[in-house]
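Summary of the model geometry
Spelled out from the first residue to the last, the chains are:
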Amino acid sequence: MTLLLLAFPELATAGDAVAKELGCDLRIIDLHRFPDGESLVTLPENIAGRDVAILCTLRDPDRLALPLRFAAVTARELGANHVGLIAPYLGYMRQDRRFAPGQAISAPLFAEFIEESFDWVVTVDPHLHRIPVLDRLFSISAKRIAAAPLIADWIAAEVPDAVLLGPDSESQQWVNDVAALVGRPFEVLQKVRTGDKNVEISMPHSAALRDGTPVILDDIASSGRTMVQAIERLVAAGTRPPVCLVIHAVFAGSAHDDILAAGAARIVSTNTIPHPSNVIDVSGLLARASIDLIGTRKPASRLIGKETRDE
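Definitions and cut-offs
Residues numbered from 1 in each chain as written. Predicted model: local features only at pLDDT ≥ 70, side-chain atom pairs only at ≥ 80, totals over all residues. Heavy atoms only, no water. Helix = DSSP H or I, 4+ residues; strand = E, 2+ residues; numbered from the N terminus. Rg over C-alpha atoms; globule rule 2.2 N^0.38 Å. Buried < 20%, exposed > 50% of the residue type's maximum accessible area, 1.4 Å probe, protein only. Contact = heavy atoms within 4.5 Å. Areas by Shrake-Rupley, 256 points an atom, 1.4 Å probe, with all protein chains shown as cover. Lys, Arg positive; Asp, Glu negative; His and termini not counted. Charge placed at Lys NZ, Arg CZ, Asp CG, Glu CD. Pairing = 2+ DSSP bridges. Axes fitted to C-alpha atoms, helices over the stretch in contact; angles between N-to-C directions. Phe/Tyr/Trp six-rings, centres within 6.5 Å; stacked < 30°, edge-to-face > 60°. Salt bridge = Lys/Arg side-chain N within 4 Å of Asp/Glu carboxyl O. Parallel < 35°, antiparallel > 145°, perpendicular 65-115°, else oblique. Nonpolar A, V, L, I, M, F, W, Y, C, P; charged D, E, K, R; others polar. Left-handed = near helix turned anticlockwise from the far one by under 90°.

Let's shift gears to the overall build of the chain. A count of helical and extended segments in the chain gives ten helices and 16 strands. Rg of the C-alpha trace for the chain: 20 Å, near the compact-globule value of 19 Å for 311 residues, within the 12% margin. Principal axes of the C-alpha set define a box for the chain whose edges measure 65 × 45 × 40 Å. Counting only residues that meet the buried cut, the chain has 51% of its 311 residues in that class. Sequence separation of 24 or more characterises 65% of the internal contacts of the chain that already satisfy a separation of 6 or more. Here the chain has roughly 13800 Å² of accessible surface; of this, 50% comes from carbon and sulfur atoms. Here the chain contributes 30 positive and 39 negative side-chain charges, whose respective centroids are spaced 2 Å apart.

Next up, the structure:
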């Protein structure tokens, strides 16, 4: 295989696992930050004539978006045949409509930013709510990987008496899938958000929550307030300390410590974002999904370069 995997520095460990699954070479992108905040991206030699996949998790997209763009365009300038993006976590997917007058609808805008540089993209469980599939956002080949089977396997092995709890309606799609795979009962709470860190969550009603071990499952934990309130509701209902399981461990600020302080027995995450809570490895899924797209070329109207600008 002529594929070359280029990983951003913070994903060097994950890159090694993905490269082994793909059976390809791995090189780490040299990313230098200047004192003024600008970035210098340096790619390895011997890219010409090869397909390139760039591994970058977009947990902090404002910091990484420009270096990612620079890396993709430079790979093309150095002669790469095709350039794909493996983004275990894809940021900016939650703002999928205008919630107040004048707001930018960032999900399609960020998708367009990505597809200007890449031929294809693979990601794990993007936070799609009102936009049901990635094909509605991307004109390039885009594949969504579901972590539900891996999560179900972990729960079956580690928490066999689990009772799943979704902290809000947006978590229901993941809770439904995992509960069905593991064959355990579940409940989904209702949430009203009044600010970045202000949420109100309904009380749980399922009697099963007091008979088993609650497992709070959500795709993202950012501020942690949703998880904290769900834990507080469970404590008030007299359940056992819950296990908190998230797909994407964003954990902004003190979120991780806040969740533990609220009474979580354990916090478990996949490794889409590097974090000490990572337990569930998605490297194999990322590699297998990428194999299906390697060699894919974006539609001609999306190609960037002199030939497109001169049309």
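For the rest of this paragraph, the subject is the sheet that holds strand β16 (residues 278–280). One key point about sheets: their strands pair by backbone hydrogen bonds, in either a parallel or an antiparallel sense. In space, the six strands of this open sheet follow the order β10-β9-β13-β14-β15-β16, with parallel pairing throughout. Strand pairing shows two members of the sheet lacking a second neighbour, β10 (186–188) and β16, which therefore form its edges. Strand-to-strand twist of the sheet, defined as the mean angle between neighbouring strand axes without regard to direction, takes the value 30 degrees. Note that strand β9 (residues 162–166) and β10 share three bridges and pair parallel. Looking at β10, one finds that Leu165 is bridged to Glu187. Seen against the sheet, helix α5 (residues 172–182) touches β9, β10, β13 (213–220) and β14 (243–248) and runs at an angle of roughly 165 degrees to β9.

Scanning the model with the defined rule gives two aromatic pairs in all. Considering the side-chain rings of Tyr92 and Phe110, the 5.2 Å spacing of their centres and the 55 degrees angle between planes classify their relative orientation as tilted. In this pair, Tyr92 is assigned in the loop between β6 (83–87) and α3 (106–115) and Phe110 in helix α3, connecting sequence segments 18 residues apart. With relative accessibility at 35%, the residue Tyr92 sits in the partly exposed group. According to the relative accessible area criterion, Phe110 is buried, its value standing at 9%. Judged by centre distance (5.9 Å) and plane angle (10 degrees), the rings of Phe110 and Phe113 are stacked. Placement of the pair is Phe110 and Phe113 together in helix α3, with a separation of three residues, close to one helical turn. Here a set of aromatic residues connected by ring pairs shows up, and it is made of Tyr92, Phe110 and Phe113.

With that settled, consider the pattern of salt bridges. Two side chains carrying opposite charge are able to pair once their charged atoms lie near each other. Scanning the entire structure with this criterion turns up nine salt bridges. The residue Arg76 makes a salt bridge to Asp119 at a minimum N-O spacing of 3.2 Å. Here Asp119 lies in the loop between α3 and β7 (120–124) and Arg76 lies in helix α2 (residues 61–77), a separation of 43 residues in the sequence. No difference in accessibility class separates Arg76 from Asp119, as the two residues are buried. Notably, a salt bridge pairs Lys143 with Asp292, separated by 2.8 Å at the nearest N-O pair. Residue Lys143 is found in strand β8 (residues 141–145), and its partner Asp292 is found in helix α9 (residues 283–293); the two are separated by 149 residues along the sequence. Shared partners join several salt bridges into a network, and the residues in it are Glu10, Asp60 and Arg63.

Here helix α7 (residues 225–237) crosses helix α8 (residues 255–262) at 5 degrees, and the two axes come no closer than 9 Å. The angle between α7 and α8 falls in the class roughly parallel. Across from Met227, Val228, Ile231 and Val235 in α7, the residues of α8 making contact are Asp258, Ile259 and Ala262. In the contact of α7 with α8, the residues fall into six nonpolar, no polar and one charged.

Looking now at the packing of helix α1 (residues 12–22) against α9. Running from N to C, α1 and α9 point in directions that differ by 50 degrees, and their axes come no closer than 8 Å. One finds that α1 runs oblique with respect to α9. With respect to the hand of their crossing, α1 and α9 are arranged in right-handed fashion. Side by side, α1 and α9 meet where Ala14, Ala17, Val18, Glu21 and Leu22 of the first sit next to Ser283, Gly284, Leu286, Ala287, Arg288, Ser290 and Ile291 of the second. For the contact of α1 with α9, the class distribution of residues is seven nonpolar, three polar and two charged.

So, on to the environment of Asp62. Relative to the helices and strands, Asp62 is located in helix α2. Here Asp62 falls in the exposed class, since its relative accessible area comes to 61%. Separated by 147 residues in sequence, Asp62 and Leu209 place their C-alpha atoms 40 Å apart.

Right, let's get into the sheet that holds strand β2 (residues 25–28). Ordered by their spatial adjacency, six strands build an open sheet running β2-β1-β5-β6-β7-β8, and the pairing between neighbours is parallel. The outermost strands of the open sheet, each flanked by one partner alone, are β2 and β8. Recorded for the sheet is a direction-independent mean angle of 20 degrees between the axes of neighbouring strands. Of the strand pairs in this sheet, strand β5 (residues 52–55) and β6 are connected by four bridges, and their pairing is parallel. Bridging from a neighbouring strand, Leu55 pairs with Ile86 of β6. Across the face of the sheet, α2 comes into contact with β5 and β6 while running at roughly 150 degrees to β6.

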